[in-house]
Amino acid sequence: MGDLANECDSITEPFTWDAMGEIVCRHLKLALSTPQEIRRVFKANKCPVVVRKLLQCAEENRGYVRVLGGVLTTFRNTFKDTLFAREYITQNASAFVFRCLELPSAPVQFRELAIVALEELSIGTPQLDAILLQAIAAIPKVTPLIPQYTNDPKIFQSLLNTLRRYLSVLNAFKLSEVDALPVQSLQLHRLAKTLVALLDSPTKTVLLPTSIDVISEILMWIAYFESEAIERLPNDKGTLLFVAFLLSPSLPLRCKGFMGLLNLQYSDTAPEVRFCNPQHVLYMDGIRRTPEQFAQTARHYGLDDIRNMSRESLKRGYDNPSVKRLPDGKKFDAYQAGMNVVDSALNGPQNLAESFAFPRARLFGGEIGWTESLSEDMEIALRYHGKAYEADVLQLAHHINAMYTALIIENEPDKFINNLYLNEIHMHIRIASTTALQRWPGRSYFYLTMIKFQTGQRFHDWYKKGIECKDCTPYLRSQFDFEMACNEFGLALTHLSQKPTRTWFEEGKGYIVKAVASMDQAMEPQRSASPQEAILGMLGIFLSLLVPDATDAMDADHFNDLIATLDVFVNVLWNQKYVFMRELTQTARFFVLHHEEAAKRWSPLLSKLKKAEQASSNSESRVNSEVSYIDDATKHLGITENVRGQTSCAWCGRSSTGLRKCGRCDGVKYCDKICQQSHWKAGHKNNCISPPIKA
């Protein structure tokens, strides 16, 4: 036993981990107690050396709990600083935290210290790839600890917060360098079984509203990543639990219940084109494809091949089309068929039947599939006749039709096609829409295709520009309103079911109000019994169930009337086997068929939630209890709006005493060159002005 371990063990109980941290720092000759001392570390460029000393100390004292506790405490205190956090991640300090978590025969106090440190690690890790690798390693390690701390609300909540954070960040794996998500190694089936069992025993003291709220979000993410982990629970217990959440008095719980049901209907880690896309939370955090990734994808798809063909090549293609005859022997008129498709795209279906099924016979002159070759023939014909705008409309109409037809595999109506293929079609649409808008900035159709299949705040500008275009037909306007209603609904759900900060909660409630107004506007021009009327009708009913205090104000007769109306809308789409937003239809159908069973099966939990609701003095106190845990968890890390200021990075918002000023304006500070360059490209270059020189 060395001098450090001897001194730590010589301290009589009760002792504090802070005291152990002070002993460790003194032996390592590290001064880290105050912001001024930490600032000196950065000025001397000693941060890597300090971290190396601490981790080496932990390695040399693996068997001495008090020394490890002192290192872990020092880690916690310095990890709050984002520059220290980056260095810890660079030197793989997460492995040290995991080791502490799994230390055999460790005292309860030490295990609890490691659990809290892991929570802080999950919240404070700044690099995406690093936190993804942490999540993959941590989730199966944390799950077995949950039953051990059901009677310790603080540590139990810390475990739940860690799981919620890591599961939500796994959503970003498609945008990282991680090749594939090893879902099986996460043991989500075990996690789902553990959490549902806890909720099935409402007399346990852990079932505080805050805990239930986090558990519901964890289960929502499990349904997203591995739906079978929920569906394999006996007697549909897990699926019925989501329905019960939707019947609860809590607005966030209702939203998580709806999102959980929707996640079960989509294939695991669903494509980016899905309704109420959970990836929206990433875009709000600034995590998205880089311009370089987008440009590389555009080059890969080669969308300008036909557009760049010479006049001679267009003539050869027009004179020798791939499709010469229709199945009935008639000659295929590529030019007329192309113009028919464009007219349909701009002015809509001619009757109700065409709203449910693409009218191939009318548009093409006969029953023939809309293949890639057929589309190329029509586009060549249009460009040969000088119809460049119409050719761009045709190209996008083809991609959108491909998206619809690819959603369900032929003859297997309950199986969804490969996500990668759907994402590729979606990328086709995004790229083609972007390039078309550059050529035709005053054309409404391309603004519409930009907002199709997506959720996001930035689509409001495209909506406004699109409806203001002079060529916006009544049909296109109805489509804009439909897409915007779906978008507002999606924004409300993604805000209220994820990332439960106070700001997001209030924004989510605001989007519900906007969604109600958008729904009314979009519903007005729709044909009776049309698919879009049915979709809007379903969304309107779910909005009635999701609005704040809905369950308090709604009597049984009103609720039953809503269910009956929802059933009518479901049958309109179900009987026609309508493909678009089929997952919403399946969610609504399950809710209609099983809401009574769910209310009965989970009545003890719903009763507990109702009593907790009645105990709340007002709606604001309920909001405070539901979102306070994330505020408390992040406050000390310097990543909330309340602490941003002179010690926060102007780009990522994280705090450090070692930030460096912009060398030109001195008005902002950055973690490093990456943050500085990102902020510059995002707009700081327009505001960066050298301060005046005083005489």
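Everything numeric here is computed off the predicted structure, so don't read it as measured data.

### Some thoughts on the overall build of the protein
Okay, step 1: Across its full length, the protein carries 35 helices and 4 strands.
Okay, step 2: Looking at the 695 residues of the protein, the share that counts as buried comes to 55%.
Okay, step 3: Pairs at least 24 residues apart make up 72% of the contacts formed inside the protein by residues separated by at least 6 positions.
Okay, step 4: A total accessible area of about 30900 Å² is found for the protein, and carbon and sulfur atoms account for 51% of it.

### Considering the UniProt feature "domain: MYND-type" (unreviewed entry) in the protein
Okay, step 1: Taking the numbering used here, the UniProt-annotated feature "domain: MYND-type" (unreviewed entry) corresponds to residues 649-688.
Okay, step 2: Segment residues 649-688 splits into 38% helix and 10% strand. End C-alpha atoms: 15 Å apart.

### Examining the nonpolar core
Okay, step 1: Among the nonpolar cores identified, the biggest contains 215 residues, and Leu 219, Tyr 445 and Phe 489 are the most heavily contacted of them.
Okay, step 2: With residues up to four places along the chain from it excluded, the contact list for Phe 489 reads Phe 258, Phe 275, Cys 276, Ala 515, Met 519, Leu 539, Phe 542, Leu 543 and Leu 546.

### Notes on the side chain of His 679
Okay, step 1: Within the element layout of this structure, His 679 appears in helix H35 (residues 673-687).
Okay, step 2: Contacts of His 679, omitting those with residues within four sequence positions, involve Ala 650, Trp 651, Tyr 670 and His 684.

### Topic: the pattern of salt bridges
Okay, step 1: Taken as a whole and judged by the stated rule, the model has 21 salt bridges.
Okay, step 2: The closest approach of N and O atoms between Arg 601 and Asp 200, which form a salt bridge, is 2.8 Å. In this pair, Arg 601 is assigned in helix H32 (residues 582-601) and Asp 200 in the loop between helix H11 (188-199) and helix H12 (209-225), connecting sequence segments 401 residues apart.
Okay, step 3: In this structure, Arg 383 engages Glu 379 in a salt bridge whose closest nitrogen and oxygen atoms are separated by 3.0 Å. In this pair, Arg 383 and Glu 379 are both assigned in helix H22 (residues 372-384), 4 residues apart and thus about one turn of the helix distant.

### A short note on the state of the cysteines
Okay, step 1: Applying the stated rule across the entire model yields 0 disulfides.
Okay, step 2: Unpaired in terms of disulfides, Cys 255 finds its nearest cysteine sulfur in Cys 276, a separation of 9.5 Å.
Okay, step 3: You can call Cys 255 buried: its relative accessible area is 0%.

### Focus: helix H27 (residues 474-497)
Okay, step 1: Between the first and last C-alpha of H27 there are 35 Å, a value that for 24 residues agrees with the 34 Å anticipated at 1.5 Å per step.
Okay, step 2: Counting buried residues in H27 gives 21 out of 24 residues, a clear majority hidden from the surface.

### Examining a negative patch on the surface
Okay, step 1: Side chains of Glu 228, Glu 231, Asp 236 and Glu 597 sit close together on the surface and give a patch of like negative charge.
Okay, step 2: Tracing the backbone through its elements, the reader meets Asp 236 in the loop between helix H13 (227-231) and helix H14 (237-246).

### Focus: helix H26 (residues 459-468)
Okay, step 1: Along H26, the positions that sit buried rather than exposed are Phe 459, Trp 462, Tyr 463 and Gly 466. Angularly, the buried residues of H26 cover 105 degrees about the axis, an arc narrow enough to put them on a single face. Along H26, the residues that are exposed and aim more than 90 degrees away from the buried face are Asp 461, Lys 464 and Glu 468.
Okay, step 2: Looking at the buried side of H26, the elements it contacts are helix H25 (444-451), H27 and helix H28 (502-523).

Rules used throughout
- Residues numbered from 1 in each chain as written.
- Predicted model: local features only at pLDDT ≥ 70, side-chain atom pairs only at ≥ 80, totals over all residues.
- Heavy atoms only, no water.
- Helix = DSSP H or I, 4+ residues; strand = E, 2+ residues; numbered from the N terminus.
- Buried < 20%, exposed > 50% of the residue type's maximum accessible area, 1.4 Å probe, protein only.
- Contact = heavy atoms within 4.5 Å.
- Areas by Shrake-Rupley, 256 points an atom, 1.4 Å probe, with all protein chains shown as cover.
- UniProt positions renumbered as here; feature names shortened; annotations may be inferred.
- Core = buried A, V, L, I, M, F, W, Y, C linked by side-chain atoms within 4.5 Å.
- Salt bridge = Lys/Arg side-chain N within 4 Å of Asp/Glu carboxyl O.
- Disulfide = S-S within 2.5 Å.
- Expected span 1.5 Å × (residues − 1).
- Patch = residues over 30% accessible without salt bridge, like charges linked within 9 Å, V, L, I, M, F, W, Y side chains within 5 Å.
- Lys, Arg positive; Asp, Glu negative; His and termini not counted.
- Charge placed at Lys NZ, Arg CZ, Asp CG, Glu CD.
- Arc of directions from axis to C-beta.

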